[in-house]
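# Notes for the structure review
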Amino acid sequence: MLRAPAWSCFRFPPRRPRPGPALSKPCPAAPGGARARACAGGGGWGRIASEIPRRGSCARPRPGPQLPPGRPGSAMIKAILIFNNHGKPRLSKFYQPYSEDTQQQIIRETFHLVSKRDENVCNFLEGGLLIGGSDNKLIYRHYATLYFVFCVDSSESELGILDLIQVFVETLDKCFENVCELDLIFHVDKVHNILAEMVMGGMVLETNMNEIVTQIDAQNKLEKSESGRSEIRNQFRSTKVKVLAGQELQSYNCKELNSASGELRRGL
Amino acid sequence: MALKMVKGSIDRMFDKNLQDLVRGIRNHKEDEAKYISQCIDEIKQELKQDNIAVKANAVCKLTYLQMLGYDISWAAFNIIEVMSASKFTFKRIGYLAASQCFHEGTDVIMLTTNQIRKDLSSPSQYDTGVALTGLSCFVTPDLARDLANDIMTLMSHTKPYIRKKAVLIMYKVFLKYPESLRPAFPRLKEKLEDPDPGVQSAAVNVICELARRNPKNYLSLAPLFFKLMTSSTNNWVLIKIIKLFGALTPLEPRLGKKLIEPLTNLIHSTSAMSLLYECVNTVIAVLISLSSGMPNHSASIQLCVQKLRILIEDSDQNLKYLGLLAMSKILRTHPKSVQAHKDLVLQCLDDKDESIRLRALDLLYGMVSKKNLMEIVKKLMTHVDKAEGTTYRDELLTKIIDICSQSNYQHITNFEWYISILVELTRLEGTRHGHLIAAQMLDVAIRVKAIRRFAVSQMSTLLDSAHLVASSTQRSSICEVLYAAAWICGEFSEHLQEPQQTLEAMLRPKVTTLPGHIQAVYVQNVVKLYAAILQQKEQAADAQAAQEVTQLLVERLPQFVQSADLEAQERASCILQLVKHVQKLQARDVPVAEEVSALFAGELNPVAPKAQKKVPVPEGLDLDAWINEPLSDSESEDEKPKAIFHDEEPRHAKQRPPEADEQELARRREARKQEQANNPFYIKSSPSPQKRYQDAPGVDHIPVVQIDLSVPLKVPGMPMSDQYVKLEEERRHRQRLEKDKRKRKKRERERRGARRHTSLHTESDEDITPAQRVDIVTEEMPENALPSDEDDKDPNDPYRALDIDLDKPLADSEKLPVQKHRDTETSKSPERQDVTVVEKKSKKPKRKEKKQKEKEREKKKKKEAEKGVDLDFWLSTTPPAATPAPEEPGVNAAVTAPKEERRGEEQDAGEDAEQDLEKKPSEQKKKKHKKDKGERSKDKKRPKKRAPPREGDAEPVQNGALREEPLPPMSSYSLLAENSYIKMTYDVQGSLQKDSQVTVSMVLENQSSSFLKNMELNVLDSLNARLARPEGSSVHDGVPVPFQLPPGISNEAQFVFTIQSIVTAQKLKGTLSFIAKNDEGSTHEKLDFKLHFTCTSYLVTTPCYSDAFAKLLESGDLSMSSVKVDGISMSFQNLLAKICFHHHFSVVERVDSCASMYSRSIQGHHVCLLVKKGEKSVSVDGKCSDSTLLSNVLEEMKETLAKC
């Protein structure tokens, strides 16, 4: 009586067994080891503080807006993190001010929490201590070699955010043509630009993938017209591990996503 | 050549772009840090170049390094340079870097203001977009203030891409610069109906977030959101709105009722899981907010629980998790409905997913009862054994303790079992919750007297076992239980079987490895044990053994004297000297046991955690007075109350007479009171009302009265928790047989009467009463403990600043700061300037303008009033949210008439302004003109209504009369009672949704100079009418008024009454009791009143169409009655307005001096009236489905008319 259920055409898909152990293998559940690798110089991305010229010492806390954990921040999405199976950050976007050291701690802690979870458990997690109190949740998805983690407060719908992650990844997939971890490694600025069209200042800006892609394309065109050079490099294509490959597509929310993932499935 | 080299180097640098940097880092895995420091040096070189492309490239690389954890704030200025590049490519890089590393503390941020403003007004939408995106990440209060106006303009940009970003960023601006909220809000509201779905969604997003923090200011938007909810198909928007309604319903229960139906429909119809989940969540919130109003809400709860069960049973772990999460919300209010799904919850406890297990644990809290507690805890204990991660195990541990200790150990029938559980939990290694277990042990041992013997025996084994002491070296806190064990063994040493052995255990050298505070407790309790042993030995006349014990202490205590912990050391050396002294006395054969045990005489009682805070200040004790004149300023004020209450028992605190210089003291007192009154953190206390009746003013003690309640429970003695479960069945059976015997026992015990405990028999729901008596001594609270203070809102909450009333019309001063050139800033605002210019010309226009302003103000007022009416009306109509457009009778005779009049005025206000340029029309002409306008607009407004009255009829004349003789202000509130303190007025209102309930709105006005608080309303219920009281209170309890009244303030409270029959009027006697507090002290006052429920108050203004009205009259099943009143001079128009207003009727049709009116009672009786006006009289003929009701209503109407 209220309205024609316009979105009800979509049925929640039954869960199918995941294909291919190679792509969706659970992460090595050795958090301690992973952490050690990441921090202790042995080929990791961690840094040895003493060798790096930096302004101000790491002991001195940054003045100003260092929010203590638990205090309400101003954003609904507190942070968006992407890191790989070894905890190396591929993108970090904080919508609340934290010092670089805290940011790294948060990334490590989040990786620690997320990486020890099995593949087929729920995608919600409480207990990130650094990035806020009881109101906050980590909502993540694991795609091939990458974790996409959103830290949100209670004003966001959990399932909505899960879909948003899916939209994000599929948008990346469209913009990079079969996105893989290497795209994210070498074009982190582009990933930032795409993200900026979806989430702004911690609030969801746009959820329609086509709209996002249109804007990104227009901006790329503008960029191209400014400099003749094309920035996109294709030499990594052959070594790619596709992020979306073998991923089960499930949506809790939006119909446009469903149709998009339909296309995608056909494409794969 | 040289040029070539330079060029080459530039190229090389230029070539090292982000990709090269990344590749370089990947290739230098061995010495990454060194490589990066090299790169940073290069970047610094690049930043020094003039070429903006090189700079942008450098900044881009810095952004990457920032992600890896390098501080790049040193490059802030360069980032700003890149931000101000003209090319979009570079600008974007600059803004990205800024958004990653700028924050409120960045000092150069103030340099960006003009750049950002320029970008915001750039013709390229992407320049604007990128500036908005960047700004959203680093907006500061200064930037917000300076740019608010620019952003507001962007909210109506032609491109939806910009609009949505501008709308979204407004939220950030509001947070940083709350003053901007009111000026910007109207435009934000407009955006809710923007044609672009993205902009609409952004506006919903922002308003929802604002409303979530301060919901009450956004209630008036509910109709708009309701419309959106029923019309939008965007699930993202729907989810936000539904979440918002969840926040609004607690404030407005009527809203909840309106929502239930559309939400249930959505639940049934949607297939989007996210939407379904949010709907269920909001329905839960609605049901929580409606305490008992809905007769059929159990159906909704059932629906929610069913849907949640489907979610929980789903194979998708996410849905399972959320289902459990929502279920726990239902649990809080409707535990019964959830308990039905116990099987499901227990099943989830075995889930492999930890998050799900944790959520299931939350639910368990509400699932336990006396019957199944042991079983559930047993299950949890097996989980504890299996659990791998310490976090989950710790969570299990706290949950076990939580569910066992909830509501004063309500579900525990056997405390021996509980103690064994606690002891078993101590075997957990590496837990963080040792102190929790310890606290439980102490609590149970102190509060459950009968368990002490058993507890002591268990604790002494704990002290004996070595593993706990050993664990102290590890990082776990399990050794904390030794603190409890030592204290219990010492304090209740009379129950110890082998005190000597325990004493030796506590004096083992290994003990010194324990943390200091535990050692201190050991030392203290060693002496308690020692005292007990001495007594024992002396009674047995075993002087030899007594001396041996003393010797043992003298030998072992020095190990504590060397303790690193100050407290342990201090206590040990004190006690060592004491023991040495005792040894000397023993050598002379002096009996010492009595004296030593006198050290620990007396029993300790549990005191409620807040008891100290709640001790009322006794009459005559002035905490603010100096005890001694202060020596220096450094003396802290806070110390004084502490000094007074320093003694362990407050009752011993002596009042110290205030000294010296009364005047000075009075002055200071006043000042301090002022300060305290203004200090939100100061917990204001006041002497209790009863205090007044106490005789002497110089009370020399603070009275403390025990409110000891003991709950009789019985348990058989059996160790090991597992065995208890098996025994439980037998035991209960046996108990049933023993019941009579037990009763006798109980009585006996009561006669013996414990010194301070009076037993109170609570009937256990399942009638499980054990064989051994266990008291739970409740914690002591001082007499007249002040009611618990509500937690104040965190003053640091950034959202507090946004608690702004948005319905209030904008004042002229409320404008966003607009950038001006410095020279114009000195002059006044342009509007003022105009005024002065005009003033010079002539005086008349000025008056005009004033008038206009007045009108505007009125208009605003009107609008506000309308809004209130709108919301109420919207809420009171039945679901299909039909806008009350074409015919809105009811209030209309009273309200719409002046409204229309004013609308006319508004219109010609505009025209007047135009005419201003020509010549000013005469006053009379204008009036007529106005009248016509009024007519016209009226006709326009009600096109569907009966044919407009013919010209020359009575109508225009009366309309004119109305203008000359405006309606007297009418108030439906009538006086209830009044005394020197308080004035009560009230109004009774029914609603069609609740057929047997009326709401009494009571305005309480403080007429005195005292502060009125603790107001409580009580009414003597009659058979027919009852006051709805909160659940669980008896019919004699009063209903507290939810506010306090400072002098001169009035506030409105609402009470719901349940009415059986509405055909006759009735009166209820009642009392309002309150405490009046002023400088002299406080008094307990009360005011009696009689609530009069007239039959009119059961009528609800209901619109009725004339054809339906005619049918109703024709149907013939209405009884008829009539009444006539003489001597009425009032105009017919006003008369009708009065009837409409006071008697809740609506005009159906009006012809000349004859009108038909309609109303409906809350129980559905139709009441139809035909009102005819003669020369000086009015006759009212009524028809109603209930003759008694009709005659009563007419009687009441007669009274009203007689006053006209």
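First, a word on scope: everything that follows refers to the structure included in this document. (Residues numbered from 1 in each chain as written. Chains lettered and ligands numbered in written order. Predicted model: local features only at pLDDT ≥ 70, side-chain atom pairs only at ≥ 80, totals over all residues. Heavy atoms only, no water.)

Okay, the overall build of chain B next. Counting its secondary structure elements, chain B contains 47 helices and 15 strands. Looking at chain B residue by residue over its 1204 residues, the buried ones come to 50%. As presented, chain B carries roughly 58,500 Å² of accessible surface, and 51% of it is formed by carbon and sulfur atoms. (Helix = DSSP H or I, 4+ residues; strand = E, 2+ residues; numbered from the N terminus. Buried < 20%, exposed > 50% of the residue type's maximum accessible area, 1.4 Å probe, protein only. Areas by Shrake-Rupley, 256 points an atom, 1.4 Å probe, with all protein chains shown as cover.)

Further remarks concern the pattern of salt bridges. A pair can form between side chains of opposite charge whenever their charged atoms are brought close. In total, this model carries 35 salt bridges over all chains according to the counting rule given. A salt bridge links Glu 209 of chain B to Arg 212 of chain B, with the shortest nitrogen-to-oxygen separation between them at 3.0 Å. Here Glu 209 of chain B and its partner Arg 212 of chain B are both found in helix 12 (residues 197-213), three residues apart, which amounts to about one turn of the helix. The exposure class of Glu 209 of chain B is buried, given its relative accessible area of 2%. Look at Arg 212 of chain B and you get partly exposed, because its relative accessible area is 25%. We note a salt bridge from Lys 243 of chain B to Glu 278 of chain B, for which the minimum N-O separation is 3.8 Å. Of the two residues, Lys 243 of chain B sits in helix 14 (residues 235-248) while Glu 278 of chain B sits in helix 16 (residues 273-289), which places them 35 residues apart along the sequence. Here Lys 243 of chain B falls in the partly exposed class, since its relative accessible area comes to 23%. Bridged by salt links that share partners, the residues Asp 153 of chain A together with Glu 209, Arg 212 and Arg 213 of chain B form one connected network. (Salt bridge = Lys/Arg side-chain N within 4 Å of Asp/Glu carboxyl O.)

Okay, the side chain of Glu 206 of chain A next. Here Glu 206 of chain A is to be found in the loop between strand 7 (203-204) and helix 6 (209-226). Of note is the side chain of Glu 206 of chain A, whose polar atom sits 2.6 Å from the side chain of Lys 164 of chain B. Residues contacting Glu 206 of chain A, with those up to four places away along its chain left out, are Leu 164, Glu 197, Met 198, Glu 211 and Ile 212 of chain A together with Lys 164 and Gly 198 of chain B. (Polar contact = N/O pair within 3.5 Å; in protein donor to acceptor, adjacent residues only side chain to side chain. Contact = heavy atoms within 4.5 Å.)

Turning to the sheet that holds strand 4 (residues 1011-1019) of chain B, a few remarks are in order. Residue and element names in this part refer to chain B. Spatially, the four strands line up as an open sheet ordered 6-4-8-9, and their pairing is antiparallel. Of all the strands in the sheet, just strand 6 (1039-1040) and strand 9 (1081-1093) have a single pairing partner and so form its edges. By the bridge criterion, two bridges tie strand 4 to strand 6 in an arrangement that is antiparallel. If you follow Leu 1017 over to strand 6, its bridge partner there is Val 1039. (Pairing = 2+ DSSP bridges.)

For the rest of this paragraph, the subject is the side chain of Lys 399 of chain B. Residues and elements named next belong to chain B. Mapped onto the elements of the fold, Lys 399 is located in helix 23 (residues 390-409). What makes Lys 399 buried here is its relative accessible area of 10%. Residues within four places of Lys 399 in sequence aside, it is in contact with Leu 361 and Asp 362.

What follows covers the sheet that holds strand 1 (residues 77-84) of chain A. Pairing between the strands of a sheet comes from backbone hydrogen bonds, and it takes one of two forms, parallel or antiparallel. Residue and element names in this part refer to chain A. Taken in spatial order, the five strands line up as 2-1-5-4-3 in an open sheet, and their pairing is antiparallel. Looking at which strands have only one partner, the edges of the open sheet turn out to be strand 2 (89-94) and strand 3 (124-125). With two bridges joining them, strand 3 and strand 4 (residues 137-143) adopt antiparallel strand pairing. Bridging from a neighbouring strand, Phe 124 pairs with Ile 139 of strand 4.

Attention now moves to the environment of Val 526 of chain B. All names here are of chain B. Residue placement: Val 526 occurs in helix 30 (residues 516-539). C-alpha of Val 526 to C-alpha of Gly 490: the two residues are 36 residues apart in sequence and 6.7 Å apart in space. Residue contacts for Val 526: discarding those within four places in its chain leaves Leu 503, Met 506, Leu 507 and Leu 553.

Before going further, it helps to spend a moment on the environment of Gln 458 of chain B. All names here are of chain B. Inspection of the secondary structure puts Gln 458 in helix 26 (residues 452-464). Sequence separation between Gln 458 and Glu 416 is 42 residues, and the spatial gap between their C-alpha atoms is 9.7 Å. Those residues within four positions of Gln 458 in sequence are excluded, and the remaining contacts are Ile 419 and Val 423.

Let us now look at unusual backbone geometry. Phi is positive for Ala 144 of chain A, which is not a glycine, with a value near 45°. Along the chain, Ala 144 of chain A turns up in the loop between strand 4 and strand 5 (146-152). Even without being glycine, His 1144 of chain B reaches a positive phi, approximately 60°. Mapping His 1144 of chain B onto the fold places it in the loop between helix 46 (1132-1143) and strand 12 (1146-1151).

For the coordinates displayed, the defined rule picks out 17 aromatic pairs over all chains. Three or more aromatic residues joined by ring pairs form one cluster here, namely Phe 83, Phe 111, Tyr 140 and Tyr 147 of chain A. Over the aromatic face of Trp 74 of chain B sits the side chain of Lys 44 of chain B, whose NZ or CZ is 4.9 Å from the ring centroid. Sitting over the ring of Phe 226 of chain B, Lys 258 of chain B keeps its end group 5.5 Å from the ring centre. (Phe/Tyr/Trp six-rings, centres within 6.5 Å; stacked < 30°, edge-to-face > 60°. Lys NZ or Arg CZ within 6 Å of the ring centre and 35° of its normal.)

What follows concerns the packing of helix 5 (residues 188-198) of chain A against helix 6 of chain A. Residue and element names in this part refer to chain A. It is at 10 Å that the axes of helix 5 and helix 6 come closest, and there the two elements cross at 135°. The angle between helix 5 and helix 6 places the two elements in the oblique class. Considering only the axes of helix 5 and helix 6, their crossing is right-handed. In this structure, helix 5 contributes Asn 193, Ile 194, Glu 197 and Met 198 to the contact, and helix 6 contributes Ile 212, Gln 215, Ile 216 and Gln 219. Per-class residue counts for the contact of helix 5 with helix 6 are four nonpolar, three polar and one charged. (Axes fitted to C-alpha atoms, helices over the stretch in contact; angles between N-to-C directions. Parallel < 35°, antiparallel > 145°, perpendicular 65-115°, else oblique. Left-handed = near helix turned anticlockwise from the far one by under 90°. Nonpolar A, V, L, I, M, F, W, Y, C, P; charged D, E, K, R; others polar.)

Residue and element names in this part refer to chain A. Over its 19 residues, helix 3 (residues 158-176) extends 27 Å from the first C-alpha to the last, a length consistent with the 27 Å expected when each residue adds 1.5 Å. With 17 of its 19 residues buried, helix 3 lies for the most part within the structure. Directly after helix 3, the chain includes Glu 177, whose backbone phi takes a positive value near 55°. (Expected span 1.5 Å × (residues − 1).)

With that settled, the discussion passes to the packing of helix 8 (residues 125-138) of chain B against helix 9 (residues 141-154) of chain B. Residues and elements named next belong to chain B. The interhelical angle for the contact between helix 8 and helix 9, taken along N-to-C directions, is 140°, at an axis separation of 13 Å. The element helix 8 and its partner helix 9 pack so that their crossing is left-handed. Across from Thr 128, Leu 132, Leu 135 and Phe 138 in helix 8, the residues of helix 9 making contact are Leu 143, Leu 147, Ile 151 and Leu 154. Its residues assigned to classes, the contact of helix 8 with helix 9 shows seven nonpolar, one polar and no charged.

A few words now on helix 21 (residues 354-364) of chain B. Within helix 21 of chain B, eight of the eleven residues are buried, leaving the element largely enclosed by the surrounding structure. Turning to helix 21 of chain B, its buried residues are Ser 355, Ile 356, Arg 357, Arg 359, Ala 360, Leu 361, Leu 363 and Leu 364 of chain B. The elements touched by buried residues of helix 21 of chain B are strand 3 of chain A together with helix 18 (317-333), helix 19 (335-339), helix 20 (342-349), helix 22 (373-386) and helix 23 of chain B.

Our next topic: the pairing of strand 5 of chain A. Residue and element names in this part refer to chain A. Along strand 5, seven of the seven residues are buried, which leaves the element largely enclosed by surrounding structure. Along strand 5, one buried face is formed by Leu 146, Phe 148, Phe 150 and Val 152 and the opposite face, lined by Tyr 147, Val 149 and Cys 151, is buried too. Here seven bridges tie strand 1 to strand 5, and the two strands are oriented antiparallel to one another. For Ile 82, the partnering residue across the bridge sits in strand 5 and is Phe 148.

On to the pairing of strand 8 (residues 1066-1078) of chain B. Residues and elements named next belong to chain B. Direction of pairing for strand 4 relative to strand 8: antiparallel, over a ladder of seven bridges. Within strand 8, the residue paired with Glu 1016 across the bridge is Ser 1073. Examined bridge by bridge, strand 8 and strand 9 share 13 bridges and lie antiparallel to one another. Its bridge partner being in strand 9, Lys 1069 is matched across the sheet by Lys 1090. With antiparallel pairing between neighbouring strands as the criterion, strand 8 and strand 9 make up a hairpin whose turn holds two residues.

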